[in-house]
Amino acid sequence: MTELRQWLRTRPLAGDALLTVGLVLGEVLFTVLTPREFWPRSLPAALGWSLLCAAPVVLRRVAPWPAVLAALATLALPIVLGVAPTAQSLTLVVLTYTMAAYQPVRPALVAAVALWAPTAMVAARLPSEILPQIGAAYLVANNLLVGIVSFSVGRTVHARRSTTAALRERARVAEANQRSLAEQAVADERRRIARELHDVVAHHVSVMGVLATGVRRVLRRDADAADEAVATIEETSRATLRELRRLLDVLRTEAEPAAELAPQPGLAGIEALVEQVREAGLPVHLAVAGSPGQLEEGVALTVYRIVQEALTNALKHAGTATAQVRVSFTGDAVEVEVTDTGRGPSPDRQRLGHGLVGMRERVALYGGVLRTGARSGGGYRVYARIPVEPLADAR
């Protein structure tokens, strides 16, 4: 039964055609139950007129106003032909209800007046042979009452549907707000746990640094003490690694699931990245000045990500252009510059996108500077300078 209702709801013409057949069958049943002296002279003709009067119901939802006009046209039958099918009155009731239930109040009211005012006038002029022993005043009052009831029922259904839709929308908004609050609470708790784990990791690293300094001082004089300190460093490093993994698990979200541990790209991957961009259709020239020495892996990863994001943007937005990547290593910093000769930034690129925000955050993490924007000669430029302290000097 539910499937049939869903099928009829998705096919309004089919459902309304069945309703039309039902109206005609209702008149047939009404005729059968009526004494034979009140039967029409020609049953087939009466059935045809009934079907004609009920036909506008087929269009009541797909074309409501043409259905109303077609129903008004059938009002001439009682006067011209002396035929008053019961299906005609049922059709007016159905159309009045439909307009009141599916249309705003003003169009619905106009349709109701347009349907029932002429009906009342026709009822007042009906020949006495059609409905004997029934006065014209009674017919007019009855028709107006039926029209008012049909309109009222339709507006009640319309109000109920509007209320139901408003309640559903309110429930949807409340559910969305509840979900947002829950996600915010989870994010806040994750940040708090991350801060606590960060403090633990920082403490362990500080302890390892102090112990390593002590080992260097006593290594030649007291081998047993040095061995004990190294064992402590080993255990502390393992604990630190466990806390770091927990920290990463806390910071991960459902959109960024945990992945297998794999080496992150660094300076060695820039050349392969440039080659990939060339194959994608953007000519790129790579220039490296200076020797990188021993850089921190985080700094090397930041340099790679800056080049990757800048070349990706150039590939997307520069159009027919060429690009140049310059990486320079000095004693105290590494400089990255990516330029292209494209058409420059479009108006929607004047605001920072997620990629530029990510580059800025990475550079700021190491105390560097990032400059992005249009070049004076055309195209776009991304420049970053990251201060570094070579690992050999740091030791």
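Quick notes on the rules
- Residues numbered from 1 in each chain as written.
- Predicted model: local features only at pLDDT ≥ 70, side-chain atom pairs only at ≥ 80, totals over all residues.
- Heavy atoms only, no water.
- Helix = DSSP H or I, 4+ residues; strand = E, 2+ residues; numbered from the N terminus.
- Buried < 20%, exposed > 50% of the residue type's maximum accessible area, 1.4 Å probe, protein only.
- Contact = heavy atoms within 4.5 Å.
- Areas by Shrake-Rupley, 256 points an atom, 1.4 Å probe, with all protein chains shown as cover.
- Salt bridge = Lys/Arg side-chain N within 4 Å of Asp/Glu carboxyl O.
- Phe/Tyr/Trp six-rings, centres within 6.5 Å; stacked < 30°, edge-to-face > 60°.
- Lys NZ or Arg CZ within 6 Å of the ring centre and 35° of its normal.
- Pairing = 2+ DSSP bridges.
- Axes fitted to C-alpha atoms, helices over the stretch in contact; angles between N-to-C directions.
- 1 Å grid on protein atoms, 1.4 Å probe; cavity = no way out; pocket = protein on both sides within 12 Å on 5 of 7 lines; lining within 4 Å.
- Points joined across faces, edges and corners; volume = space filled by probe spheres on them.
- Nonpolar A, V, L, I, M, F, W, Y, C, P; charged D, E, K, R; others polar.
- Left-handed = near helix turned anticlockwise from the far one by under 90°.
- Core = buried A, V, L, I, M, F, W, Y, C linked by side-chain atoms within 4.5 Å.
- Polar contact = N/O pair within 3.5 Å; in protein donor to acceptor, adjacent residues only side chain to side chain.
- Patch = residues over 30% accessible without salt bridge, like charges linked within 9 Å, V, L, I, M, F, W, Y side chains within 5 Å.
- Parallel < 35°, antiparallel > 145°, perpendicular 65-115°, else oblique.
- pLDDT = per-residue confidence, 0-100.

A. Summary view of the overall build of the protein chain. Helix and strand content of the protein chain: 13 helices and five strands. Relative to its full complement of 395 residues, the protein chain shows a buried share of 31%. Across the protein chain, every contact between residues at least 6 apart in sequence was considered, and the portion connecting residues at least 24 apart equals 69%. Counting every atom, the protein chain has about 25,000 Å² of accessible surface; 60% of that belongs to carbon and sulfur.

B. Up close: the side chain of S50. Tracing the backbone through its elements, the reader meets S50 in helix α3 (residues 43-54). Classification of S50 as buried rests on a relative accessible area of 2%.

C. Spotlight on the pattern of salt bridges. A complete count under the given rule lists nine salt bridges for this structure. Of the charged contacts in the structure, one is a salt bridge between D332 and R385, with a shortest N-O distance of 3.7 Å. Within this pair, whereas D332 is found in the loop between β2 (323-329) and β3 (333-340), its partner R385 is found in strand β5 (residues 380-387), the two being separated by 53 residues in sequence. Look at D332 and you get partly exposed, because its relative accessible area is 45%. Look at R385 and you get partly exposed, because its relative accessible area is 30%.

D. Region of the structure containing the packing of aromatic side chains. Counted under the stated rule, the structure contains zero aromatic pairs. The ring of Y102 carries R161 above its face, with NZ or CZ at 4.5 Å from the centroid.

E. Spotlight on the sheet that holds strand β1 (residues 284-289). The five strands lie next to each other as β1-β2-β3-β5-β4, forming an open sheet whose pairing is mixed. Pairing within the sheet leaves two strands with one partner each, and these edge strands are β1 and β4 (369-374). Pairwise comparison of adjacent strand axes, ignoring direction, gives a mean angle of 5 degrees for this sheet. Helix α11 (residues 297-317) rests against β1, β2, β3 and β5 of the sheet, and its axis sits at about 10 degrees to β3.

F. Expanded view of empty space enclosed by the protein. Under the definition given, this model contains one cavity of 30 Å³ or more. When its volume is computed, the largest cavity comes out at roughly 40 Å³. Along the walls of the largest cavity sit A310, L311, A314, A323, V338, T339, D340, Y380 and V382, which together make up its complete lining. At the level of secondary structure, the elements contributing two or more residues to the lining of the largest cavity comprise α11, β3 and β5. Split into classes, the residues belonging to the lining of the largest cavity amount to seven nonpolar, one polar and one charged.

G. A look at the packing of helix α2 (residues 12-33) against α3. Two elements in contact, α2 and α3, have axes separated by 9 Å at closest approach and are oriented at 145 degrees. Read as a crossing pair, α2 and α3 show a hand that is right-handed. Packed against α2, whose contacting residues are T20, L23, V24, E27, V28 and T31, the element α3 presents L43, L47, S50, L51 and A54 at the interface. Its residues placed into classes, the contact of α2 with α3 shows seven nonpolar, three polar and one charged.

H. Representation of the nonpolar core within the structure. By size, the foremost hydrophobic cluster in this structure holds 33 residues, and its most contacted members are V284, I306, V307, L311 and V334. Put simply, the parts of the chain that give this core at least two residues each are α10 (268-280), α11, β2, β3, α12 (354-365) and β5. If you tally residues by element for this core, the top one is α11, at eight residues. Residues in contact with L311, not counting those within four places in the same chain, are V274, V277, L282, V284, A323, V325 and V338.

I. Inspection of the pairing of β1 at higher detail. Bridging between β1 and β2 involves six bridges; their strand directions are parallel. Paired with V288 across the strands is V327, a residue of β2.

J. Summary view of the environment of E337. Mapped onto the secondary structure, E337 falls in strand β3. With relative accessibility at 18%, the residue E337 sits in the buried group. Setting aside anything within four residues of it in sequence, one finds E337 in contact with Q324, V325, R326, R381, V382 and Y383. Here the side chain of E337 touches R381 through a polar contact of 2.6 Å, side chain to side chain.

K. Main features of a nonpolar patch on the surface. A cluster of nonpolar side chains, contributed by V28, L29, V32, L33 and L47, occupies part of the molecular surface with about 470 Å² of accessible area. Looking at the nonpolar patch element by element, the count peaks at four residues for α2. Mapping L33 onto the fold places it in helix α2. Judged by relative accessible area, which is 66%, L33 ranks as exposed.

L. Layout of the packing of helix α6 (residues 86-102) against helix α7 (residues 105-124). For the pair α6 and α7, interaxial distance at closest approach is 8 Å and the crossing angle is 165 degrees. By the angle class used here, α6 and α7 are roughly antiparallel. Here α6 runs over α7; the crossing is left-handed. Contact residues: L92, V93, L95, T96, M99 and A100 in α6; P107, A108, A111, A112, L115, W116 and T119 in α7. Counted by class, the contact of α6 with α7 contains eleven nonpolar, two polar and no charged residues.

M. Spatial organisation of the confidence of the model for the protein chain. Scored by pLDDT, the protein chain comes out at a mean of 79, with 83% of its residues at no less than 70. Every residue in residues 257-261 scores below 50 in pLDDT, and together they form four contacts with partners more than four places removed in sequence or on other chains.

N. Quick peek at the environment of Q324. Within the element layout of this structure, Q324 appears in strand β2. Q324 sits 13 residues away from L311 along the chain, and the two C-alpha atoms are 9.1 Å apart. Among residues more than four places away in sequence, those in contact with Q324 are H285, E337, V338 and T339.

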